[in-house]
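# Notes for the structure review
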Amino acid sequence: MKAVCWQGTKKVEVENVPDPKILNPRDAIVKITSTAICGSDLHLYDGFNPTMKPGDILGHEFMGEIVELGSGVKSGNARNNGQPLAVGDRVVVPFTISCGSCFFCNRNLWSLCDNSNPNAWMAEAALGHSPSGLFGYSHLTGGYAGGQAQYARVPFADVGLFKVPSELTDEQVLFLTDIFPTGYMGAENCDIQPGDTVAIWGCGPVGQFAIRSAFLLGAERVIAIDLVPERLQMAKEGGAEVLNIEEVEVGEALKEMTGGMGPDSVMDAVGMEAHGFGLEGFYDKVKQAARLETDRPNVLRQAILACRKGGTVSVPGVYTGFVDKIPMGAFMNKGLTMKTGQTHIHRYLRPLTERIQKGEIDPSFLITHKLPIDQAPHAYEIFKHKQDNCIKVVLKPNEAA
Amino acid sequence: MNQPIKVEKTLTINKPAAELYRFWHNFENLPHFMKHLKQVKVYDAKTSHWTTSGPLDGTVEWDAVITDDRENEFIAWKSVENADVDNSGSIQFRPMSHDRGTEVKVVTEYNPPAGAVGDAIAKLLGESPKQQIGDDLSRFKMLMETGEIATTEGQPKGRK
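Residue positions are given per chain, counting from 1 as you read along its sequence in written order. For naming, the first written chain is A and the first written ligand is 1, with later ones following in the order written. In keeping with the model being predicted, local features are shown solely for residues with a pLDDT of at least 70 and side-chain atom pairs are shown and tallied solely at 80 or more, while totals for entire chains, interfaces and linings include all residues. Think of the side-chain values as coming from all heavy atoms in the structure, minus any hydrogens and water.

Working rule for contacts: check all heavy atoms of both residues, and any pair within 4.5 Å makes them a contact. Chain B puts 23 residues into the contact, and the matching count from chain A is 37 residues. Carbon and sulfur atoms make up 48% of the surface buried where chain B meets chain A, a total of about 2,300 Å² over both sides. Throughout, buried area stands for the accessible area (probe radius 1.4 Å) lost by two parts on being put together, summed over both. The largest per-residue losses of area from chain B upon contact with chain A belong to B:Glu148, B:Pro156 and B:Arg159, which jointly make up 27% of the total buried on that side. Think of a salt bridge as a Lys or Arg side-chain nitrogen and an Asp or Glu carboxyl oxygen that are within 4 Å of each other. Linking chain B with chain A are two salt bridges, by the criterion used here. One salt bridge connects B:Arg159 with A:Glu13, and the closest N-O pair in it is separated by 2.7 Å. Here a polar contact is recorded for every N or O atom pair within 3.5 Å, except that within protein the pair must consist of a potential hydrogen donor and a potential acceptor, and residues adjacent in sequence are included only if both atoms are side-chain atoms. Counting across the interface, chain B meets chain A through 14 residue pairs in polar contact (both at pLDDT 80 or more). Grouping the amino acids of the side of chain B that touches chain A by side-chain chemistry returns four nonpolar, nine polar and 10 charged. Nonpolar residues are Ala, Val, Leu, Ile, Met, Phe, Trp, Tyr, Cys and Pro. Charged residues are Asp, Glu, Lys and Arg, and all others, Gly as well, are polar.

What follows is about the domain arrangement of chain A. All names here are of chain A. Domains are outlined according to an automatic or database domain assignment. As far as domains go, chain A holds domain 1 (2-178 + 343-396) and domain 2 (179-340). Facing 41 residues of domain 1, the contacting portion of domain 2 comprises 30 residues. For the pair domain 1 and domain 2, the summed buried surface comes to about 3,300 Å²; carbon and sulfur atoms form 72% of the total. A per-residue breakdown of the area domain 1 buries against domain 2 is headed by Phe48, Phe365 and Ile391, which together make up 19% of the total. The interface formed by domain 1 and domain 2 holds zero salt bridges in total. There are eight residue pairs in polar contact (both at pLDDT 80 or more) connecting domain 1 and domain 2. Comment: elements are numbered from the N terminus, with helices defined as DSSP H or I runs of at least four residues and strands as E runs of at least two. At the level of secondary structure, the elements contributing two or more residues to the side of domain 1 that touches domain 2 comprise helix H1 (39-45), helix H3 (120-127), helix H13 (345-357) and helix H14 (376-384). Sort the elements by how many residues they give to the side of domain 1 that touches domain 2 and H13 lands first, with six residues. Among the residues making up the side of domain 1 that touches domain 2, the classes are represented as 25 nonpolar, six polar and 10 charged.

Attention now goes to the sheet that holds strand E13 (residues 241-244) of chain A. Residues and elements named next belong to chain A. We call two strands paired when DSSP finds no fewer than two bridges between them. Spatial ordering of the open sheet is given by E13-E12-E11-E14-E15-E16, a layout of six strands whose pairing is parallel. Each end of this open sheet is capped by a strand with a single partner; those strands are E13 and strand E16 (337-340). Ignoring strand direction, the axes of neighbouring strands in this sheet form an average angle of 20 degrees. Of the strand pairs in this sheet, strand E15 (residues 312-315) and E16 are connected by four bridges, and their pairing is parallel. Looking across to E16, one finds that valine 313 is bridged to methionine 338. Every axis corresponds to a line fitted to the C-alpha atoms, with the helix fit spanning only the stretch in contact, and the corresponding angles, defined between N-to-C directions, vary from 0 to 180 degrees. Lying over the sheet, helix H7 (residues 205-216) contacts strand E11 (197-201), strand E12 (221-226) and strand E14 (265-268), oriented at roughly 170 degrees with respect to E12. Here helix H11 (residues 298-306) sits on the sheet and contacts E11, E14, E15 and E16; the angle it forms with E11, its principal contact strand, is near 165 degrees.

All names here are of chain A. Two numbers describe how helix H6 (residues 179-188) lies on H7: the axes approach to 7 Å, and their chain directions differ by 55 degrees. Between H6 and H7, the interaxial angle falls into the category oblique. Taken as a pair, H6 and H7 cross one another with a handedness that is right-handed. In this structure, H6 uses Ile179, Phe180, Thr182, Gly183, Tyr184 and Ala187 to contact H7, whose residues at the interface are Pro205, Val206, Phe209, Ala210, Ser213 and Ala214. Counted by class, the contact of H6 with H7 contains nine nonpolar, three polar and no charged residues. Here the angle decides the label: under 35 degrees means roughly parallel, over 145 means roughly antiparallel, 65 to 115 means roughly perpendicular, and every other value means oblique. Two helices crossing with the near one rotated counterclockwise from the far one by less than a right angle form a left-handed crossing, whereas a clockwise rotation gives a right-handed crossing.

Right under this line is the structure:
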């Protein structure tokens, strides 16, 4: 099959690789109809995650059709109305791999699953404990082959695979795999009360869903912050007021816009790479003390300073290591709360699908580019450099180029 | 004489103590999740034969006997006298309240002799016996909680 492989910093290649096989009883094989490139893939592309290895298959936002089921995939689950999976089912694949039976899965904390990361030792050395395994996202979280390919193997298929209603298009449901729930959980983590103003740094795909989710959850106002004109435009179309960090002093502007109070909650939908935060030599060092190069987590700092007293800081943006000079004094003395985490995708599959069915949101608004898989290297470049107004690329791996 | 190696590791498993005890008590199950065991053959209620999965000439074997056994709570075993590798181990199962599973504590001790067998054991356990026991225990947890052990071995990848 064809697959998008990481071959080093700023180098991805479409290669012919063997088709995936069932390796464990609860696996399924999915033939992929649509797969997207995520902002967090750019962290890998840019070489910010040192546990990538050449030949790793990228991609964690994918969906398609079940073509094979392992002998252990039997029971249904509540998300699928108890219906067991069958070959031919059209499904989306959560980017977090969850077993469904550990302490964390039982408490609806799916991205913290205890049993899906075969490289848990690596994560434990770096983070203290291991999060769940993730598709196409470095060896720290399992090194699972990803979904920017024609086929993928999905472990714990009976827990993860979510059957989608036939009346919805791929473009409408594809982002249930990651960025829609990620933006939604980011907004949920803002603990929005009636009358609230939410400030969101980052108008990339997650920020766009966060803006719309904040309104779905009852926010009075959303103020979106970025510097890319077409992204600010899209934020405006989602109902947000916008600030361009190149044009205004954001902290001052936010205070002025909120009668001196500051936003009730603030969200960092940018993450570690915003300002050259980088990790080096991580893989070799997890067995010893991790040596980390840190830079300035500007967004997080700015957000903490801007947040009103007693407010909430929500961090859907991805961090991998350490950051310096977090204004802990401001955080403590203003009595703030921080909420974060990889998204508990499974929790959101059904409720968000229902919102799409009811027409409350149509996630396909985000897509700016649809390309055949052979053009993946080009797609990474335009997404990375925000060329050609690129905000979101969807690849169609099984359609002729 | 090599240094004796003693390691302890504790993990919480989301299953009843009785189920965990039953699975572990059949030592023939241990190679499913213990990376360095090739085979265990149970002779009778007390005695068994253990074979490690080292490199060809590094394989080590010994007979073991159960020295303490309290149903659903505790199992202890040790190698018989004059074994090539003097070793012992135990596992304790402690039920947690409030639906929090069972706390499992494994203790193993090796007293490797000098010479080739000792070297083979040292090689097998590598630099961090505690890490390895921990990994074995994590795989035991995966197997008990999910019925399988997470893996990526055999998945496709591009050229290296």
